[in-house]
Amino acid sequence: MSLVRLNIKGISYSQTQNGAYALILNEVDGDRKLPIVIGAFEAQSIAIALEKEIRPPRPLTHDLFKNFADRFDIVVKQVIIHKLVDGVFYSSLICERDKIEEIIDARTSDAIALALRFQAPIFTYKNILDKAGIYLKVNPKKEEEEEQDSILVDDFIAEEIENAVADQEGYKDKSLEELNSLLEEAVNNEDYEKAAKIRDEISKR
């Protein structure tokens with residue numbers, strides 16, 4: 001499977017999931033975007049890493065990891081988003097120490113926050129981008145201006161991202177009865193992240 005390189009386009013506040021954000025990744029050699037739902041803490045950490053002028057008075061968790069890794073000569077070489085299941089992305093950190101490479105499982109939000117700090121490239125597989133990638137209806141000139149001005153995207157793009165994330169999770173086509181059944185199953189399996197997404201879709205109905 002071929003790898004596709006991604007960069008970060010911006011962060012969008014989620015209107016449907018309280019305290020959640022959508023991280024928008026952009027295909028480097030194309031026009032598709034890959035939206036990924038992340039938590040508020042991870043969004044803040046990514047935003048701080050992008051806005052290089054902002055330096056917190058004490059190290060954030062991802063900064064601490066970077067300092068620890070530097071002290072012991074561990075380098076994150078790249079991040080690969082390698083799997084998408086029920087709207088949840090799975091990622092790996094490709095690390096190296098003393099010319100020995102290790103692969104470490106990580107949440108995608110954490111992996112990207114670390115990739116920024118190590119200046120490591122971010123990749124996904126073509127089949128994941130084919131499945132979850134979207135095209136935004138944005139004027140190219142306006143898009144370029146937004147990238148220069150802010151890492152937060154405007155309301156129009158945010159709405160497009162919300163719809164794309166809902167499509168990824170496959171809940172839009174479910175009936176209320178099916179959603180309630182899925183919600184009960186998620187709670188019984190203690191998959192509270194999935195349960196929260198299903199609850200939000202039920203609330204929107």
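See the structure shown above.
It should be emphasised that the depicted structure is a prediction, and the values quoted were computed from it without experimental measurement. (Residues numbered from 1 in each chain as written. Predicted model: local features only at pLDDT ≥ 70, side-chain atom pairs only at ≥ 80, totals over all residues. Heavy atoms only, no water.)

A. Here's a closer look at the overall build of the chain. Secondary structure assignment for the chain yields eight helices and seven strands. Per-residue burial over the chain gives 45% buried out of 205 residues. Taking as baseline every contact in the chain between residues at least 6 positions apart, the subset at least 24 positions apart corresponds to 54%. Put simply, the chain shows about 12,100 Å² of open surface, and 47% of that area lies on carbon and sulfur atoms. (Helix = DSSP H or I, 4+ residues; strand = E, 2+ residues; numbered from the N terminus. Buried < 20%, exposed > 50% of the residue type's maximum accessible area, 1.4 Å probe, protein only. Contact = heavy atoms within 4.5 Å. Areas by Shrake-Rupley, 256 points an atom, 1.4 Å probe, with all protein chains shown as cover.)

B. Summary view of the environment of Ser-109. By the element assignment, Ser-109 lies in helix α3 (residues 108-118). Note on Ser-109: relative accessible area 8%, which makes it buried. Along the sequence, Ser-109 and Val-37 sit 72 residues apart, while their C-alpha atoms lie 8.4 Å from each other. In contact with Ser-109, other than residues within four places in its own chain, are Ile-38, Glu-42 and Ile-46.

C. Geometry of the pattern of salt bridges. Counted according to the given criterion, the structure contains eight salt bridges. When salt bridges that share partners are traced, they join Glu-27, Arg-32, Lys-126 and Asp-130 into one network. (Salt bridge = Lys/Arg side-chain N within 4 Å of Asp/Glu carboxyl O.)

D. Structural context of the packing of helix α2 (residues 61-71) against α3. One can describe the packing of α2 onto α3 by two numbers: an axis separation of 10 Å at closest approach and a directional angle of 55 degrees. Classified by the interaxial angle, the pair formed by α2 and α3 is oblique. As α2 runs across α3, the sense of the crossing is right-handed. Residue-level inspection shows His-62, Asp-63, Phe-65, Lys-66, Ala-69 and Asp-70 of α2 in contact with α3, the latter providing Asp-110, Ala-113, Leu-114, Arg-117 and Phe-118. Residues that form the contact of α2 with α3 fall into these classes: five nonpolar, one polar and five charged. (Axes fitted to C-alpha atoms, helices over the stretch in contact; angles between N-to-C directions. Parallel < 35°, antiparallel > 145°, perpendicular 65-115°, else oblique. Left-handed = near helix turned anticlockwise from the far one by under 90°. Nonpolar A, V, L, I, M, F, W, Y, C, P; charged D, E, K, R; others polar.)

So, to be careful, I would describe these as geometric facts and stop short of saying anything about function.
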